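# Descriptive structure summary
As a plain string of letters, each chain reads:
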Amino acid sequence: MIADAALERLYAGDPASALAMLDAAAATDTLDPALLVATGIVQLANRCPERALPALRSAVALGETAPTTLLNLALAELQAGDAARAFQLMESLELHLPEWEETPLRLAEAFRAAERMQEAERAYGRVLDINPQRESALLGLAGLLLMRGEHETARELLLRCCGIAPHRADAWDTLGFALRATGDVSLAESAFARAHELAPHVLQYALHRVEAAHASGNEEGLLAWLDVAVQADPLNPVLSAARGIVLEHLGRPAEAADALEAATALAPEACLPACLLGEVLARSNRLKAAEVALRRGIELAPDNAELRNTLATVLFRMHRHAEARSELLTSLERNGERTNELCNLANVTACLGLQDEGVALARRAIELAPDAVLPRRALCSTLSYRDGTTGAELLAALRDSSDRLPREHPAAFANRPDPERPLVLGLLSGSLRVHPVGWLTVAGFETLDPAMFSVICLAQSAADDWIARRFRSLAREWHDVDTLGDAALAAKAHALGIDVLIDLGGYGESARMPACAYRMAPVQVKWVGMQNHSSGLAEMDWILTDRWETPPALAHLYSERLLSLPDGYVCYSPPPYAPDGAPLPASSQGYITFGCFNNLAKITPRVIATWSGILRRLPDSRLVLKAHQFADADTARRVLAEFATHGVHPARLELRGPSGHRTFIGQYNDIDIVLDPFPYSGGLTTCEALWMGVPTVTMPGETFASRHSVSHLSNAGLGDWVAADIAGYADLAVAKVSDIDALATLRSGLRARVKASPLCDAPRFGRILGAVLRYAWRDWCAGRRSVGRA
């Protein structure tokens, strides 16, 4: 009787009271099999197999061999980690009692937990042979069938399950997935809605409902329902969280964050609302607030790999690379290797100047997910920084990545193939703002002939700064595309009638170039924006370049055709707040100060060795390095130590951390000559240095990324600052400092020279840009092409 009463308390949700009753009874009777069995069951429920096993084994030894006792013993063995013994006990029990459905059901669940899916399917099948209406078996088998793509069969099982057990929210939720997989989007939304109604405090069900409404285009209707529901039940965090996600999908991020803030306040101990809030804030570029929310989530769930990965991404975007790396390493230590974390770790590791290690991590991610796109994108990114990467190697990696993108081309375009008519240009980017993309392209678009070109901006993660406002002013239309998938984005471009699509993002942050695989426009062109080399994308028809960036001898290293401009391939917009240039520092200091204000990712071991050699040849010279990464003391110490191994004392180096842009550009007044990194040269930084009167010594290679500086220098008439090899690079740096007077004269007139050069001549650039885009359009009209080149 005590055993029965204890089990009743367990099933009523009071295991502590049940255990207390059993412990008190055991004090006077340690050999009662019923008490031992009840103790084992309660300890199993408490997930204490070390206490459940002795009780159940003792009960069996005392002759208690009822099927339920033997099954509970098997489950205790399984919970204790002896799977072989557990499976042996259950298989023996099923053999002796073939008509008892409970054993194959528990066996199926154990097989599934062990990822022995075929055996689990067969066990679920045996349950249904005995009892075709056993709801747990219907649901379990349907879940396995969904996992291996048998969606129609799974749907039929789930319809039966929901008919038998209409109260089960998990059955309706799984049915929603099956209906969505079979294309019944509206019915899927109804199934998810039913699951949410049955379990209104389960956030996952509500989020599945939101996803289904998004897929069916019914988010406005769901928002109206949620508005009413929140008013009726204002203390339900699930409703507020679901409402927040719907608002974000509808392009109302500020309201979305407010709703999710409410959800986290209502459920302060719940991890998921904090995670959702952090993700929405991150996508809204409210990075500091995102960090706070995500750290709160990690406090609640320290082993949550997704949370740590998202936090690392936020820290990375705030240029806190060492902290991001630490979070990712912690996640890998706690949770093992996961593809997304390895990809992010590869990128952040390369950004800390550990390029070879970054490439190795990307290759490891490919091993884990050989068919996925993301690891290959990480490899392309890290390879471009690594010393020794050839143009052919990088092109092969880019093609390999792009070939794995999902793609579908329209049968034909409705664009009228008139070679001389006004054209609609589409600008696709997440960087139409204060960003290298903005600094190097906006003036060119502003000076296009408005009678012949109109611009539509397809913006991801849109900003509101002064360059973003310039883009908005020049655009005929502006569309935020954050909520659109790649296929939907391509369909939108088709509906807008875009003739020439210009990608300004590549595979960088907030970039949408993968949508170009769906052939967004008759003509697709790659321009500035993570342009480390070719796109490798079969559907990208052209790349905007120039004779210095891509000489004819290197054309075979590109998958695109070359739209080669006669001057440089960009038009630099100097900041109006740039301070005046200062006299040559060496004239008053008596020694040369070299500098490099590029990302640490570009500073390879060979760059450090080469710069050290220059400093040794000029024993009074100094070197100033400025990068976000130097805000981290350990990173700064490591870089100083690397120079020390080449005989350069730390006192000869100054490592500067981040600053505002006005301060950043003003610090070129401390520099006599810029030393360009390789193989990834300076781009915008070279233009900024030139504007401040500081020339750059550079050494181009085969890749597009290695040739930015040679383009900008040559475009400004400074081709004599370009070296052919490392020895020539070092000799050129030493030679240029040998005539201080000539260097001072060059500095004093360099801003005027750059301003008058094609590098900053926006009207000239606009005419040339219009001419080459017209050339690409005429080419399409001549061939009346409607799909991308193979």
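What comes next concerns the included structure. (Residues numbered from 1 in each chain as written. Predicted model: local features only at pLDDT ≥ 70, side-chain atom pairs only at ≥ 80, totals over all residues. Heavy atoms only, no water.)

## Looking at helix H18 (residues 287–300)
Between its terminal C-alpha atoms H18 stretches 20 Å, which fits the 20 Å expected from 14 residues at 1.5 Å a residue. Buried residues in H18 make contact with helix H17 (271–283), helix H19 (305–317) and helix H20 (321–335). (Helix = DSSP H or I, 4+ residues; strand = E, 2+ residues; numbered from the N terminus. Expected span 1.5 Å × (residues − 1). Contact = heavy atoms within 4.5 Å.)

## Examining the packing of aromatic side chains
Following the criterion strictly, the structure yields 15 aromatic pairs and no others. The interplanar angle of 15° and the centroid separation of 4.6 Å between the aromatic rings of Tyr-385 and Tyr-680 together place this pair among those described as stacked. Of this pair, Tyr-385 sits in helix H23 (residues 374–385) while Tyr-680 sits in the loop between strand S11 (673–675) and helix H32 (684–691), placing them 295 residues apart in sequence. On the basis of relative accessibility, which here comes to 10%, the residue Tyr-385 falls in the buried class. Residue class for Tyr-680 comes out buried when judged on its relative accessible area of 8%. Between the aromatic rings of Phe-445 and Phe-471, the centroid separation amounts to 6.5 Å while the plane-to-plane angle is 55°, which identifies the pairing as tilted. A residue pair is termed long-range when its members are at least 10 positions apart, and Phe-445 in helix H25 (residues 436–446) and Phe-471 in helix H26 (residues 466–474) qualify at 26 residues. According to the relative accessible area criterion, Phe-445 is buried, its value standing at 3%. One aromatic cluster in this structure is built from Phe-445, Phe-471, Trp-527 and Phe-765. Positioned above the aromatic ring of Tyr-591 is the side chain of Arg-622, whose terminal nitrogen or guanidinium carbon lies 4.9 Å from the ring centre. (Phe/Tyr/Trp six-rings, centres within 6.5 Å; stacked < 30°, edge-to-face > 60°. Buried < 20%, exposed > 50% of the residue type's maximum accessible area, 1.4 Å probe, protein only. Lys NZ or Arg CZ within 6 Å of the ring centre and 35° of its normal.)

## Here we look at unusual backbone geometry
Among all residues save glycine, negative phi is the norm, and among peptide bonds the norm is trans. Pro-679 follows Phe-678 through a cis peptide bond whose omega is 10°. In this fold, Pro-679 is placed in the loop between S11 and H32. Positive phi is not limited to glycine here, since Asn-285 has a value of about 65°. By the secondary structure assignment, Asn-285 is in the loop between H17 and H18. For Asn-285, a relative accessible area of 36% translates into the label partly exposed. Backbone geometry at His-319 places phi at a positive 65°, although glycine is not the residue there. One can find His-319 in the loop between H19 and H20.

## Description of the sheet that holds strand S2 (residues 453–459)
Here we have seven strands laid out as an open sheet, ordered S3-S2-S1-S4-S5-S6-S7, and parallel in their pairing. Either end of the sheet is taken by a strand with one partner, and the two such strands are strand S3 (477–480) and strand S7 (561–565). Sheet twist, expressed as the mean angle between neighbouring strand axes with direction ignored, is 25°. The pairing of strand S6 (residues 542–546) with S7 spans five bridges and is classified as parallel. Note on S7: the bridge partner recorded for Trp-542 is Arg-561. The sheet contacts of H26 involve strand S1 (423–429), S2 and S3, and relative to S3 the element is tilted by about 125°. (Pairing = 2+ DSSP bridges. Axes fitted to C-alpha atoms, helices over the stretch in contact; angles between N-to-C directions.)

## Re the pairing of S1
Of all seven residues that make up S1, seven are buried, and the element is covered over most of its length. Residues of S1 alternate between two faces, with Leu-423, Leu-425, Leu-427 and Ser-429 on one and Val-424, Gly-426 and Leu-428 on the opposite face, all of them buried. Relative to S2, S1 runs parallel, the two being bridged by seven bridges. In the sheet register, Leu-427 faces S2, and the bridge partner there is Cys-457. Note that the unit made of S1, H25 and S2 has a crossover that is right-handed. (Right-handed = clockwise from strand over helix to strand, strands pointing away.)

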